[in-house]
Amino acid sequence: MLNSYAAALSAAWSREELMEDRALLPVDEQLKVITSGTMQIVPLDELKKKLEKGTPLNIKLGVDPTSPDLHLGHAVPLRKMRQFQDLGHNVTLIIGNGTALIGDPSGRDSTRPPLTEEQVEANAKTYVEQAMKVLDPEKTTIVHNGDWIKPLNLGEMLGLMSKFNVARILEREDFHNRYTNGLSIALHEFIYPVLQAYDSVVVKADVEMGGNDQIFNLLAGRDLMRAEGMEPQVALTMPLLVGTDGVKKMSKSYKNYIGLTDEPADMFGKIMSIADEIVPMYYRLCSTKTIEEIEAIDAAFADGSADPYKLKRELGVNIVDLYHGAGAGQKALEAFDAQFKKGEVPENVPEFPASVVEVNEEGLVYLGKLLVDLGIASSAGEARRLVDGGGVKVNGEALAPKCYNVDPTPFVAGAVVQSGKRRWARLV
């Protein structure tokens, strides 16, 4: 089944070479950490049996570098991987520079647009840099599945595909919905779970992780490993992190995300904006707090004694420190207090030349365009809504609602324009 390169690589994943002799915690203590925050472990009894062997397991996470920037939602499985590392297990991070050329159809209602190899490689570089903010680089094995997928010849590919049944693949919720609704399913999308399963065979995974929308792909890995006479991996899924709006999953498309590369002050401010009811979820899935500390927070929310504002401040410090280094969180908190609690203009306000202020034939400034040019609003329509809501100020003075063409006098060098507490611009 394995091509020559994959066979050689798979041999390198022998338990003797991959595993180190290290003391592991009792199984019950490990399971308490592993199961915290997970959605599904399929099957749990097999995971227990693997842990009872007393040797480090090989934990696999495959990621397709389809975007150069990650957010906290992407980091949820990485956080669980780090917990496995801290428990003494081995972690294999597979960069899907082969599978990304197809695009994971999981949860999609349309075929993903294709990426070029150049785009994939550029995204992969930034992905690894950001992932290492969570994982321990010295304990992480990083491989690229293009190394064994791209060399597959026709016979090898047909052999892989013969292990899978189209009828079963069509049972997937996303494929089923697209099929019944008459939406296109490209033939190459059927191959994706086959290749992801092949990754598990190559690296001899004991456990494969993914989002809860990945369960079909993870179970496909179990099937292929079993067909190859191997001990099948355990599938472990993590929940999809709710975004800052408190409703939808975190996504750039929904503009409710907290990026791993966001500036500390911006990251802290976004964390402070999350809904109170999802604070426990963020502690469990995004923070470095211990299981005991998280359980205490859950209990406080359950009995009504929790202080969400205080907990969000502590959460913000914790997460900013994680991605920007120790001490960055406290500085972000102080900047937040200066901006929001004391009413001061924040540091590092984006600056724009005063020439951006355009005067029309009537000698007035059209706010719909100016606020977009200053990054205060994303469109002229949003600019009008902000003005009507009384949220747009120039040097601390609110602009009158329903008035979109205004006198240019206030818009001179040194003027500060703001909307609410998080959008600022200074004319220079």
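As the structure is a computational prediction, the values presented were derived from the model and not from experiment. (Residues numbered from 1 in each chain as written. Predicted model: local features only at pLDDT ≥ 70, side-chain atom pairs only at ≥ 80, totals over all residues. Heavy atoms only, no water.)

Colleague: What's the story with empty space enclosed by the protein in this structure? I'm lost.
Modeller: Take a probe with the size of a water molecule and roll it over the atoms, and the empty space left behind shows itself. Taken as a whole and judged by the stated rule, the model has 1 cavity of 30 Å³ or more. Taken as a whole, the largest cavity encloses approximately 70 Å³ of empty space. Around the largest cavity, the lining residues are Ser36, Gly37, Val76, Arg79, Lys80, Gln83, Met238, Arg284, Leu285 and Ser287. Listing elements by their share of the lining of the largest cavity, those giving two or more residues are helix H5 (72–86) and helix H14 (279–286). Residue classes in the lining of the largest cavity are distributed as 3 nonpolar, 4 polar and 3 charged. (1 Å grid on protein atoms, 1.4 Å probe; cavity = no way out; pocket = protein on both sides within 12 Å on 5 of 7 lines; lining within 4 Å. Points joined across faces, edges and corners; volume = space filled by probe spheres on them. Helix = DSSP H or I, 4+ residues; strand = E, 2+ residues; numbered from the N terminus. Nonpolar A, V, L, I, M, F, W, Y, C, P; charged D, E, K, R; others polar.)

Colleague: What's the story with the pattern of salt bridges in this structure? I'm lost.
Modeller: Between side chains of opposite charge, pairing is possible as soon as their charged atoms come close. The full count for this structure, using the stated rule, is 22 salt bridges. With a shortest N-O distance of 2.7 Å, Lys125 and Glu129 are connected by a salt bridge. Of the two residues, Lys125 and Glu129 both sit in helix H6 (residues 117–131), 4 residues apart, roughly one turn of that helix. Between Arg168 and Asp223 there is a salt bridge, and its shortest N-O distance comes to 2.2 Å. Taken as a pair, Arg168 in helix H9 (residues 166–169) and Asp223 in helix H12 (residues 215–227) lie far apart in primary sequence, 55 residues in all. What makes Arg168 partly exposed here is its relative accessible area of 38%. A cluster of three or more residues bridged by salt bridges with shared partners is formed by Lys50, Lys53, Asp206 and Glu231. (Salt bridge = Lys/Arg side-chain N within 4 Å of Asp/Glu carboxyl O. Buried < 20%, exposed > 50% of the residue type's maximum accessible area, 1.4 Å probe, protein only.)

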